[in-house]
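# Geometric and topological summary
Here is how the chains run, residue by residue.
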Amino acid sequence: VCALYIIINYTDSMRQIILPLSLSLLGVEAYAPLKGVEVKSVKNPDVPTDLGSFLDDDGDRSMLILGTYAADFNAIEYAQRLKFYLPELQDRGIKNIGFVLNCSPSAAETLAEIVDLDVEQVQIFVDPNGEAGRKFNVGRGWRPDDAEMSPYLKLFGMLWGLGAWATLPAVIGGYIGNPFRPQRWIEDALAVGQRKGRWPDNALELDSDGTIAVNKFSELPVVGEWPRRPLELATLRLQNMLDISIKNWKALAPGEESLKAGVLTQLGGCIVVEGGKVLYEWRDPGICAVANFEEMLEKL
């Protein structure tokens, strides 16, 4: 009995030591590969920023989005979501917020302006060849090491789920809605688009000062009461595709060197760190399948 008591207590003591140590090691491992990875700030391009140091800034809560190229659906949605949830993220104690885009500084600035992202509150970084995302182990899409296949053909395959399994569920979800979980950013992004003259422009009725008076999706019978109504997100994505991505392709598209590096099919991710501990992390499993900020806020 005494021996059994000693074994049980010893096991329990070891568990108390090993478990926190393991969790700590797991937390560090998730962003340690970013140490030594340098990107350029749009505001101060002459001084490279080490992303590992950015996330480890005095132990404060820090958030980093590893975005895609500026004309990509995922990059656009990350920017729109970040624009809306920024005050709530700051209320959760996040002091440093960075957004890495695989593009030129001018493309990053253009995207931020298009979605009304506050660049005074968010540090925009550029990494044209996507090295930071690859160090974070984001998805690289379909046939990433096939140098012979056209990147545009690879991207077409990803639209059907090749190398990006969550693409079709994410796209279909934009049409059918969700009766359980809200996505409050959608209405805000639609309003920004309408104020800037983007089409479709009839989803909302805006007051003379641009505030939302009526969301017409809320007038749909039965499903209008859902937290995320059918067709609402699909309408925003149509707006994003036509009047952001396609209309501004020349300004937002990746350059030839970036295409060779694979950024056209590279996906993104997101991480929140505090004092060496990872509070939240996400790697996009497909096109339009970016981090859910509502779930992120629940974990913070």
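Everything in this summary refers to the structure shown in the same document. (Residues numbered from 1 in each chain as written. Predicted model: local features only at pLDDT ≥ 70, side-chain atom pairs only at ≥ 80, totals over all residues. Heavy atoms only, no water.)

### Points about the overall build of the protein chain
Broken down by element type, the protein chain carries 12 helices and 9 strands. Classification of the 300 residues of the protein chain by burial places 48% in the buried group. Taking all contacts inside the protein chain whose residues are at least 6 apart in sequence as the whole, residues at least 24 apart take part in 71%. Accessible area of the protein chain: about 14,800 Å², with a carbon and sulfur share of 56%. (Helix = DSSP H or I, 4+ residues; strand = E, 2+ residues; numbered from the N terminus. Buried < 20%, exposed > 50% of the residue type's maximum accessible area, 1.4 Å probe, protein only. Contact = heavy atoms within 4.5 Å. Areas by Shrake-Rupley, 256 points an atom, 1.4 Å probe, with all protein chains shown as cover.)

### Points about unusual backbone geometry
Note the cis peptide between Trp199 and Pro200, where omega equals 5°. Tracing the backbone through its elements, the reader meets Pro200 in the loop between helix H8 (185-195) and strand S6 (204-206). Here Asn137, not a glycine, exhibits a phi torsion of approximately 70°, which is positive.

### What about the environment of Thr110?
As for its position among the elements, Thr110 is in helix H4 (residues 105-115). Residue Thr110 is classed as partly exposed on the basis of its relative accessible area, which comes to 23%. Residues Thr110 and Ala70 lie 40 residues apart in sequence; the distance between their C-alpha atoms is 8.6 Å. Among all residues touching Thr110, those that are not within four sequence positions of it are Ala251 and Leu252.

### Some details on the packing of aromatic side chains
As enumerated under the stated definition, the model contains 5 aromatic pairs in all. Look at Phe54 and Phe125: their rings are 5.5 Å apart centre to centre, the planes differ by 85°, and that puts the pair in the edge-to-face class. Remark: Phe125 occurs in strand S5 (residues 123-126) and Phe54 occurs in helix H2 (residues 51-55); sequence separation between them is 71 residues. On the basis of relative accessibility, which here comes to 0%, the residue Phe125 falls in the buried class. When the centroid spacing of 6.3 Å and the interplanar angle of 85° are considered together, the rings of Tyr69 and Trp249 count as edge-to-face. Linking Tyr69 in the loop between strand S3 (61-66) and helix H3 (73-91) with Trp249 in helix H10 (residues 249-252), this pair joins segments that are 180 residues apart in sequence. Judged by its relative accessible area of 4%, Tyr69 falls in the buried class. Its relative accessible area of 30% is what places Trp249 among the partly exposed residues. One aromatic cluster in this structure is built from Phe84, Tyr85 and Phe293. Between Arg283 and the ring centre of Phe136, over which it is positioned, the NZ or CZ distance is 4.0 Å. (Phe/Tyr/Trp six-rings, centres within 6.5 Å; stacked < 30°, edge-to-face > 60°. Lys NZ or Arg CZ within 6 Å of the ring centre and 35° of its normal.)

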